[in-house]
Amino acid sequence: MITFDTPLSHIPTIKEQSLKRLERLGLFTVSDMLYHFPHRYEDYSTISPISSLIPDEKCTLEGVVTHIEAGQTWKKKMFLTEATLEDESGNMRLIWFNQKFVAQTLKEGTPIRVSGKVSRDNKGLVMTNPAFERSSREAVHTGRLVPVYPETAGLTSRFFRWQITGIFQKLTIFPDPVPEEILTRLHLPSIKQALFSIHFPKDEEHQLIARKRFAFDEMLFIQLKALELKALFETAKGNPIFYDEQHLVQFTASFPFTLTTAQKRASQEILTDLGKTRPMNRLLNGDVGSGKTIVAALASFAVSEQGFQTAILAPTEILARQHFESLTRIFANTGQTLALLTGSYHILGKDTVTRTTLLKAISAGIPHIIIGTHALLEEDVAFQSLTLIVVDEQHRFGVSQRARLQELAFNSLDGSEEKVPHFLSMTATPIPRTLTLAFFGNLDLSLLDELPKNRKPIITKIGRTALDREKIYAFIRSEVSKGRQAFFIFPLVEESLAMKDVKAAVAEHSHLAETVFPHLSIGLIHGKMKSKEKETIMKDFHEKKYDILVATAVIEVGIDIPNASIIIIEEAERFGLAQLHQFRGRVGRGEHQSYCFLIPHDTSSGVSERLRVLEKTTSGFEIAEADLGIRGPGAFFGTRQSGMPDIAMENLTNIKLITIAREEAKNILKEDPKLNSHPLLQEALKKFEEKIHLE
Ligand code: ADP
Ligand code: MG
């Protein structure tokens with residue numbers, strides 16, 4: 001007997017080699033296999049008579065093999081099997097290349113069903129490499145909507161169809177985490193039906209209903225998790241912070257600018273939350289350059305004035321360091337001590353100290369504002385009175401890390417008399433409303449939908465031709481001669497490709513330095529460099545030691561170089577719009593008119609169409625909506641990165657589904673807050689969490 005938890009290694013039809021490949025796909029158990037969904041289907045649902053065939057059409061035929069022979073092709077390069085298929089209306093040829101097993105499986109007289117595309121050559125109609133099966137068997141590979149799986153690691157769709165069919169034959173128990181009552185009410189299929197229909201749908205409709213079921217499950221889990229966190233915060237005791245209006249006004253007056261209306265509104269919302277007896281849990285959702293740092297500074301000012309500590313978390317050392325420096329300036333006249341704690345920096349006020357000294361100071365409550373990377377979350381870091389946690393660029397932390405951050409925040413001060421810190425996350429990727437509801441259902445929201453008034457909108461152009469490129473180079477030379485600086489961005493896509501990308505950036509750097517701009521000084525920064533090294537280069541660029549900086553995607557996060565007014569993004573099509581918008585935000589931070597040139601290497605019309613959104617608008621929120629429409633929520637939370645299953649991702653825009661799932665989650669938790677009487681759901685939720693923690 002097999003169950004959902006049976007390891008695939010116990011399935012006799014799966015051989016050692018396939019097992020290894022399955023493992024590489026992250027598939028270890030029967031349930032993993034069943035949840036490995038097809039990404040599309042071929043429609044072979046009607047059987048055509050041979051006489052009715054038209055070349056270039058996909059079809060399914062049923063007949064008998066009347067002739068079969070196999071051998072090397074004349075060039076001896078390929079193994080070729082040729083057969084004749086006959087039905088009542090006529091006959092035609094079937095050809096397979098390099099599939100020796102075909103000749104071993106099919107004999108003259110075998111009744112078969114084949115599916116594939118018909119073509120015509122000089123000998124007549126022929127079908128090449130068709131999927132086939134004996135027609136006495138129940139149709140698995142042909143004769144219906146045939147599932148097509150993402151073919152990775154050398155595992156074919158045929159393999160998956162076969163194995164999954166086998167599993168369905170042996171599996172008897174399909175534990176369903178969702179109570180039957182809910183399924184009935186929402187007209188959703190059971191897990192067994194849904195799993196079967198997603199692999200082998202009778203028709204389009206069955207397939208869609210199955211997807212709906214899985215989308216509902218994922219969304220229900222997300223909402224249960226969000227509500228659980230929300231409840232945690234609601235029942236928790238916070239440390240209410242009452243600010244001194246007078247001091248706050250003085251502090252604000254020391255800024256070299258006046259706050260935008262949006263900044264004022266967000267600050268007010270945050271200050272109000274801080275005054276409550278339950279901890280704040282808020283997301284500051286603002287466009288790049290909208291001035292989130294100063295809002296966080298105001299909140300930490302209020303907290304530090306009462307003698308309590310704020311921790312500000314940044315995703316990278318460079319960014320942490322930059323925050324430390326700009327906040328040190330902002331707080332210069334307040335008498336507050338700031339600290340910086342990352343893997344390689346331990347700074348207290350003006351002094352570099354040892355980690356031990358810094359940790360001691362933090363636990364003694366000497367610095368009130370502590371800036372750092374995830375190094376701040378290490379176990380031996382103890383605060384004296386941590387009252388506010390600010391997470392900058394929180395989207396860089398990934399969905400699960402964020403959840404973990406909240407839990408850490410919660411646990412760090414958990415205890416009978418202790419208070420849970422207020423929590424403020426900030427994101428530089430404007431997130432569409434629908435997504436905030438789906439993903440951040442546990443958070444309150446403040447929007448910074450307005451840029452400071454002195455900004456000149458960045459002019460964005462797409463460079464399509466070699467001539468465009470020449471013009472852009474000429475333009476750079478002329479801007480540099482006026483004292484400006486430029487970024488060149490080369491794509492860095494995945495961690496594993498980093499080395500290749502680094503090489504590309506290095507090569508491009510020398511090309512630009514030697515051939516294109518021999519008279520300019522050009523720096524290079526990439527993800528494989530050490531923090532210190534990167535920082536030196538950024539510093540040199542800041543001090544205008546370079547005219548141009550060639551970079552992989554590392555400069556994405558918040559670096560401020562006010563004198564840089566041009567950014568060129570190569571292979572722009574490899575980035576999402578929201579990310580391109582982020583890059584673009586690296587310029588336009590000073591008084592100069594700034595420019596962004598997008599150079600796609602793929603110049604097809606679809607690509608240009610997508611990039612044109614950036615030419616048309618500089619509103620991060622509009623771009624985010626467009627990105628959501630074009631690429632789906634993966635644009636905001638890389639599927640891999642977030643660990644979100646595809647189906648849930650597809651459905652994150654489905655506001656109705658989200659609303660329903662949220663209602664159901666609320667109802668379930670109202671009756672059974674710990675899910676004690678829903679053991680299967682509890683277990684599924686735990687598995688789901690593990691899955692999204694896998695990063
Ligand atoms: P982001 O929201 O992208 O994190 P920052 O907080 O880094 O933006 O702010 C971008 C720049 O705008 C900084 O140089 C900051 O000093 C400046 N800035 C912030 N608020 C204002 C304002 N109200 N008026 C003018 N400049 C501002
Ligand atoms: Mg920022």
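Peer 1: Could you clarify how one ought to interpret the overall build of the protein chain in this entry?
Peer 2: Within the protein chain one finds 24 helices and 23 strands. When burial is assessed residue by residue, the protein chain has 55% of its 695 residues classed as buried. Contacts spanning at least 24 positions in sequence make up 74% of the contacts within the protein chain whose residues lie at least 6 apart. Entry remark: accessible area of the protein chain is about 31,900 Å², with carbon and sulfur atoms responsible for 53%.

Peer 1: What should I look at first to understand the packing of aromatic side chains in this one?
Peer 2: For any pair of aromatic rings, the description consists of the separation of the ring centres together with the inter-plane angle of the planes. Tallying each qualifying case throughout the model produces 25 aromatic pairs. Aromatic side chains Phe251 and Phe301 sit 4.1 Å apart centroid to centroid with 5° between the ring planes, which places their arrangement in the stacked category. Placement of Phe251 in helix 8 (residues 245-253) and of Phe301 in helix 10 (residues 292-305) is noted, with a sequence separation of 50 residues between them. Phe301 carries the same exposure label as Phe251, and that label is buried. Lying over the aromatic face of Phe132, Arg158 brings its terminal NZ or CZ to 5.3 Å of the ring centre.

Peer 1: For this particular structure, what's the right way to read the sheet that holds strand 9 (residues 281-286)?
Peer 2: The strands making up a sheet associate through backbone hydrogen bonding, with each pair oriented either parallel or antiparallel. With respect to topology, nine strands assemble into an open sheet ordered 13-12-11-14-10-15-16-9-17, the strand pairing being mixed. A single partner strand is all that each edge strand has here, and the edge strands are strand 13 (351-352) and strand 17 (444-448). Sheet analysis places strand 12 (residues 346-348) next to strand 13, joined by two bridges and oriented antiparallel. Following the sheet pairing, Ile347 is matched in strand 13 by Thr352. Contacts between helix 9 (residues 261-274) and the sheet are confined to strand 9, strand 15 (386-391), strand 16 (422-427) and strand 17, with strand 17 contributing the most and set at about 155° to the helix. The strands touched by helix 10 within the sheet are strand 9, strand 10 (309-313), strand 14 (369-372), strand 15, strand 16 and strand 17, with strand 15 carrying the most contacts at an inclination of about 175°.

Peer 1: When you look at the packing of helix 18 (residues 577-584) against helix 19 (residues 605-616) in this model, what are you seeing that I'm missing?
Peer 2: Packing of helix 18 against helix 19 brings their axes to within 10 Å, and their N-to-C directions diverge by 40°. As judged from the angle between their axes, helix 18 and helix 19 are oblique. In this structure, helix 18 meets helix 19 at a crossing whose hand is right-handed. Contacts from Leu577, Leu580, His581 and Arg584 of helix 18 reach helix 19 at Arg610, Leu611, Val613 and Leu614. Grouping the amino acids of the contact of helix 18 with helix 19 by side-chain chemistry returns five nonpolar, one polar and two charged.

Peer 1: Can you walk me through the nonpolar core in this structure?
Peer 2: For soluble globular proteins, the rule of thumb is that nonpolar side chains tend to be buried together. Membership of the largest hydrophobic core comes to 40 residues, with the highest contact counts inside it found for Leu274, Leu327, Ile330, Phe331, Ile371, Leu388 and Leu424. Of all the secondary-structure elements, those providing two or more residues to this core are helix 8, helix 9, helix 10, helix 11 (317-330), strand 11 (338-341), strand 14, strand 15 and strand 16. Of all the elements, helix 10 adds the most residues to this core, at nine residues. When neighbours within four sequence positions are excluded, Ile371 is seen to be in contact with Ile312, Ala320, His323, Phe324, Leu327, Leu338, Ala339, Leu340, Leu341 and Leu376.

Peer 1: Teacher, can you tell me more about the site of ligand 1 here?
Peer 2: In the vicinity of ligand 1 there are 16 residues, among which Thr258, Gly289, Lys292, Thr293 and Arg455 approach most closely. The backbone of Gly289 places a nitrogen or oxygen atom 2.6 Å from an oxygen atom of ligand 1. At 2.6 Å from an oxygen atom of ligand 1 is found a side-chain nitrogen or oxygen belonging to Arg455. Surface burial for ligand 1 is 82%, taken as the share of its 570 Å² of free accessible area covered by protein chains.

Peer 1: Honestly, the pairing of strand 11 in this entry has me stumped. Any pointers?
Peer 2: One face of the sheet, then the other: side chains in a regular strand alternate in exactly this way. Across the two faces of strand 11 the burial is the same, with Leu338 and Leu340 and Ala339 and Leu341 all buried. In this structure, strand 11 lies alongside strand 12, joined through three bridges in antiparallel fashion. Bridge pairing in strand 12 places Leu341 opposite His346. Hairpin remark: strand 11 followed by strand 12, antiparallel, with four residues in the connecting loop.

Definitions and limits used
Residues numbered from 1 in each chain as written. Chains lettered and ligands numbered in written order. Predicted model: local features only at pLDDT ≥ 70, side-chain atom pairs only at ≥ 80, totals over all residues. Heavy atoms only, no water. Helix = DSSP H or I, 4+ residues; strand = E, 2+ residues; numbered from the N terminus. Buried < 20%, exposed > 50% of the residue type's maximum accessible area, 1.4 Å probe, protein only. Contact = heavy atoms within 4.5 Å. Areas by Shrake-Rupley, 256 points an atom, 1.4 Å probe, with all protein chains shown as cover. Phe/Tyr/Trp six-rings, centres within 6.5 Å; stacked < 30°, edge-to-face > 60°. Lys NZ or Arg CZ within 6 Å of the ring centre and 35° of its normal. Pairing = 2+ DSSP bridges. Axes fitted to C-alpha atoms, helices over the stretch in contact; angles between N-to-C directions. Parallel < 35°, antiparallel > 145°, perpendicular 65-115°, else oblique. Left-handed = near helix turned anticlockwise from the far one by under 90°. Nonpolar A, V, L, I, M, F, W, Y, C, P; charged D, E, K, R; others polar. Core = buried A, V, L, I, M, F, W, Y, C linked by side-chain atoms within 4.5 Å. Near = heavy atom within 4 Å. Polar contact = N/O pair within 3.5 Å; in protein donor to acceptor, adjacent residues only side chain to side chain.

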